[in-house]
Amino acid sequence: MEICNTTSPSKSPLGFVAMLLILYISLVALLLPTLAKSATRLPTENAVMTAAPQVPPPITRDHPAMVVINLETIEKKGRLSDGVEYTFWTFGGDVPGSFIRVREGDSIEFHLNNHPSSKMPHNIDLHAVTGPGGGATSSFTAPGHSSQFTFQALKPGLYVYHCATAPVGMHIANGMYGLILVEPEGGLPPVDKEYYVMQSEFYTKGSYGEGGLQPFDMSKAISENPDYVVFNGSVGAMVGDKSIRANVGETVRLFVGNGGPNLVSSFHVIGEIFDNVYVEGGDFINHNVQSTLVPAGGSAIVEFKVDVPGTFILVDHSIFRAFNKGALGMLKVAGNDELSIYSGKQEESVYLPEGGGIQSISGDAPEALKAKNKAERILFGQRVYDQNCLACHQPNGMGISSAFPPLAGSDYLLSKPERSIDILLKGLSGKIKVSGKEYNGVMPAVKLSDENMANVLTYILNSWGNNGGEIKPLQVMEKRAQH
């Protein structure tokens, strides 16, 4: 009779080892996805964002990260030009929107927060996103709500972002655009200064310089006929005390964007040649460029070394946009002269081949606002000055050495204020002495209304420490009758 072995496998040494092995393999299989996910989890950091013209610092890490971006949309009144207000729709409370800087390979956790005071829903289309709508389909956000989506920065470059809520053109035209830089893995070459410059247009019911709170004009936008073409959201946003700055010998990098919504920019810095232009914000680099095209919804990166001191003017070289619509900024460079590169003026004389020293700036005089008192006359006069006199006589009234005499502290002007009426009406040529210095040039007659002429002269008499006074339209009218 056969006796069966009834010993349990668990009591067999070999069976016990087999069970432990099975348990170990099962445990590893369960934990493997968690361990793999933990091994590939990216470090998290909050994005550093800046308002124009400032730029966040270069990224120094050598690995990708999860970058968290919180960007608020808010609708707010602000200055479009002196005496002119506009209701801007903004990313981050400013026009243009905040500059965003990330690294190739980063994952971006994007939070779009629409302020409860907003009257419109908004979203965001980032040209750096690979996905439907550039993020717009995932970020439609009602007032008082937030939306979140995630994307990976796959391609390095300088990209525009903008609102894409219908009507798309209106949202962009009201100020909803900005730039996001995706740095290449190795970073950009080091420079001394970096700045953020973005061009755009505004379409207003009133014409350029017309005061008050101006509403958006859809018909002008459709016709692509803007009243304002500006850098960084308003006329004068980059002049005077708001100028960008550098020192002789430094290298400057400008991240240039064009929010449009319609016009192509011919970006130029007067008195500089771009050493490098990253064409349309991509990888291709052109060298020794005078002006570069920046399409609506596009960008460019320009780099140059500043060799001599002075004020260098940033313009859209579709030049009436610069001097008549606002697309003008200033780069002020400090340091010692380099006379071997640029001598400055070496000789000065009057050249009048036709024998007519006085010309006139023609055109019908625009109808002027009527000042009710001296304070209003000064305010309205500043607008006239900014539109007609600022380029030659400068924001501080100091003129340009050896070319245009100062109006600040001018004994020539202040000793006989009514003389200034004659100059505006008839023009002036030949030698004059102002505050002990001789000038020999031509000032053309300027065709302004009696009201505007009185306003601008009153502004000049009461600015930059001048000793005050008031010119009234009746005085201008009487002088005009004598000519």
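Residues numbered from 1 in each chain as written. Predicted model: local features only at pLDDT ≥ 70, side-chain atom pairs only at ≥ 80, totals over all residues. Heavy atoms only, no water.

1. Structural notes on the state of the cysteines
Next, step 1: For the structure on display, the rule yields zero disulfides.
Next, step 2: Here cysteine 389 stays free of any disulfide, with the sulfur of cysteine 392 as its closest cysteine sulfur at 8.4 Å.
Next, step 3: On the accessibility criterion, cysteine 389 (16% relative accessible area) is buried. (Disulfide = S-S within 2.5 Å. Buried < 20%, exposed > 50% of the residue type's maximum accessible area, 1.4 Å probe, protein only.)

2. Regarding a negative patch on the surface
Next, step 1: Residues Asp275, Asp307, Asp337 and Glu338 make up a contiguous surface patch of negative charge.
Next, step 2: Along the chain, glutamate 338 turns up in the loop between strand S22 (328-334) and strand S23 (360-361). (Patch = residues over 30% accessible without salt bridge, like charges linked within 9 Å, V, L, I, M, F, W, Y side chains within 5 Å. Areas by Shrake-Rupley, 256 points an atom, 1.4 Å probe, with all protein chains shown as cover. Salt bridge = Lys/Arg side-chain N within 4 Å of Asp/Glu carboxyl O. Lys, Arg positive; Asp, Glu negative; His and termini not counted. Charge placed at Lys NZ, Arg CZ, Asp CG, Glu CD. Helix = DSSP H or I, 4+ residues; strand = E, 2+ residues; numbered from the N terminus.)

3. Re the sheet that holds strand S19 (residues 291-294)
Next, step 1: Reading across the sheet, the five strands line up as S14-S22-S21-S16-S19 and stay open at both edges, with mixed pairing between neighbours. Pairing within the sheet leaves two strands with one partner each, and these edge strands are strand S14 (244-247) and S19. Geometrically, the sheet is characterised by an average inter-axis angle of 20° between neighbouring strands, direction not taken into account.
Next, step 2: Where strand S16 (residues 265-270) lies against strand S21 (residues 310-316), four bridges are found, and the strand directions are antiparallel. Bridge pairing links histidine 268 to valine 315 in S21. (Pairing = 2+ DSSP bridges. Axes fitted to C-alpha atoms, helices over the stretch in contact; angles between N-to-C directions.)

4. Quick look at helix H8 (residues 419-426)
Next, step 1: Of all eight residues making up H8, six are buried, and the element is well covered by its neighbours.
Next, step 2: In this structure, the buried side of H8 is in contact with helix H7 (411-414), strand S24 (428-434), strand S25 (437-443), strand S26 (445-446), helix H9 (450-461) and helix H10 (473-482).
Next, step 3: Glycine 427 sits one or two positions beyond H8 and adopts a positive phi of about 85°. (Contact = heavy atoms within 4.5 Å.)

5. What about the packing of aromatic side chains?
Next, step 1: Applying the stated criterion across every chain yields a total of 15 aromatic pairs.
Next, step 2: Between tyrosine 208 and tyrosine 228 the ring centres are 4.9 Å apart and the planes differ by 40°, which places this aromatic pair in the tilted class. On the criterion of sequence distance, the pair formed by tyrosine 208 in the loop between strand S11 (193-202) and strand S12 (212-214) and tyrosine 228 in strand S13 (residues 228-231) is long-range, its members being 20 residues apart.
Next, step 3: Tyrosine 228 sits in the buried class, given a relative accessible area of 0%.
Next, step 4: Centre to centre, the rings of tyrosine 385 and tyrosine 459 are 5.5 Å apart; their planes meet at 55°, and the pair counts as tilted. Of this pair, tyrosine 385 sits in helix H5 (residues 374-388) while tyrosine 459 sits in helix H9; the two residues are 74 residues apart in sequence, bridging distant segments of the chain. You'll find tyrosine 385 and tyrosine 459 in the same group, each marked buried.
Next, step 5: By way of ring pairs, the aromatic residues Phe231, Phe267, Phe274 and Phe304 are connected into one cluster. (Phe/Tyr/Trp six-rings, centres within 6.5 Å; stacked < 30°, edge-to-face > 60°.)

6. As for unusual backbone geometry
Next, step 1: Between alanine 52 and the following residue, proline 53, the backbone shows a cis peptide bond with an omega angle of 10°.
Next, step 2: Structurally, the position occupied by proline 53 is in the loop between strand S2 (49-50) and strand S3 (66-81).
Next, step 3: The residue after valine 95, namely proline 96, is reached through a cis peptide bond having omega -5°.
Next, step 4: Among the structural elements, proline 96 can be located in the loop between strand S4 (84-91) and strand S5 (99-103).
Next, step 5: Within the chain, glutamate 280 stands out as a residue other than glycine whose phi angle is a positive 55°.
Next, step 6: Residue placement: glutamate 280 occurs in the loop between strand S17 (274-278) and strand S18 (285-289).
Next, step 7: Residue glutamate 280 is classed as exposed on the basis of its relative accessible area of 55%.
Next, step 8: Phi at asparagine 288 is positive, roughly 55°, even though this residue is not glycine.
Next, step 9: Mapped onto the elements, asparagine 288 comes out in strand S18.

7. Considering the side chain of glutamate 194
Next, step 1: Position of glutamate 194 relative to the elements: it lies in strand S11.
Next, step 2: Of note is the side chain of glutamate 194, whose polar atom sits 2.6 Å from the side chain of arginine 253.
Next, step 3: Among all residues touching glutamate 194, those that are not within four sequence positions of it are Pro53, Val55, Pro56, Pro58, Arg101, Arg253 and Phe255. (Polar contact = N/O pair within 3.5 Å; in protein donor to acceptor, adjacent residues only side chain to side chain.)

8. Section: the layout of surface pockets
Next, step 1: Here the second largest pocket defines a volume of roughly 360 Å³.
Next, step 2: Along the wall of the second largest pocket there are 17 residues; nearest its centre are Asp94, Val95, Asn232, Gly233 and Ser234.
Next, step 3: Only S3 and S4 provide two or more residues apiece to the lining of the second largest pocket.
Next, step 4: If one sorts the elements of the lining of the second largest pocket by residue count, S3 sits on top with four residues. (1 Å grid on protein atoms, 1.4 Å probe; cavity = no way out; pocket = protein on both sides within 12 Å on 5 of 7 lines; lining within 4 Å. Points joined across faces, edges and corners; volume = space filled by probe spheres on them.)

9. Brief notes about the sheet that holds strand S10 (residues 177-183)
Next, step 1: Here five strands make up an open sheet; going across it, the order is S2-S5-S10-S9-S7 and the pairing mixed. Of all strands in the sheet, those with a lone pairing partner are S2 and strand S7 (125-126), marking the two edges.
Next, step 2: Looking at chain direction, S7 and strand S9 (residues 157-162) are connected through two bridges and run antiparallel. Its bridge partner lying in S9, aspartate 125 is registered against histidine 162.

10. Some thoughts on a nonpolar patch on the surface
Next, step 1: On the surface, a cluster of nonpolar side chains totalling about 380 Å² of accessible area is made up of Ile270, Ile319, Phe320 and Phe323.
Next, step 2: Position of isoleucine 319 among the secondary structure elements: in the loop between S21 and helix H4 (320-325).

11. Details of the confidence of the model for the chain
Interpreting fine coordinate detail is not advised for predicted regions of low pLDDT.
Next, step 1: Within the chain, residue pLDDT values average 89, and 87% of them lie at 70 or more.
Next, step 2: Long-range and interchain partners of residues 1-7, a stretch whose pLDDT sits below 50, account for zero contacts in this model, where long-range means more than four residues apart.
Next, step 3: Predicted confidence is poor over residues 355-366, with pLDDT under 50, and the contacts of this stretch with residues over four places away or in other chains come to 22 contacts. (pLDDT = per-residue confidence, 0-100.)

12. A look at the packing of H8 against H9
Next, step 1: At their nearest, the axes of H8 and H9 sit 11 Å apart, and the two run at 130° to each other. If you check the angle between H8 and H9, you find them oblique. For the crossing formed where H8 meets H9, the hand is right-handed. For the pair H8 and H9, the contacting residues are Ser420, Ile421, Leu424 and Leu425 in the first and Met453, Val456 and Leu457 in the second. (Parallel < 35°, antiparallel > 145°, perpendicular 65-115°, else oblique. Left-handed = near helix turned anticlockwise from the far one by under 90°.)

13. Looking at the pattern of salt bridges
A side chain with one charge may pair with a side chain of the opposite charge, provided their charged atoms come close.
Next, step 1: Here the structure, examined in full by the defined rule, presents 15 salt bridges.
Next, step 2: For the salt bridge of glutamate 470 with arginine 377, the shortest nitrogen-to-oxygen distance reads 3.1 Å. Here the residue glutamate 470 occupies a position in the loop between H9 and H10, and arginine 377 occupies one in helix H5, the gap between them amounting to 93 residues.
Next, step 3: Here the salt bridges do not stand alone but share partners, grouping Arg101, Glu183, Glu194, Arg253 and Glu303 into one network.

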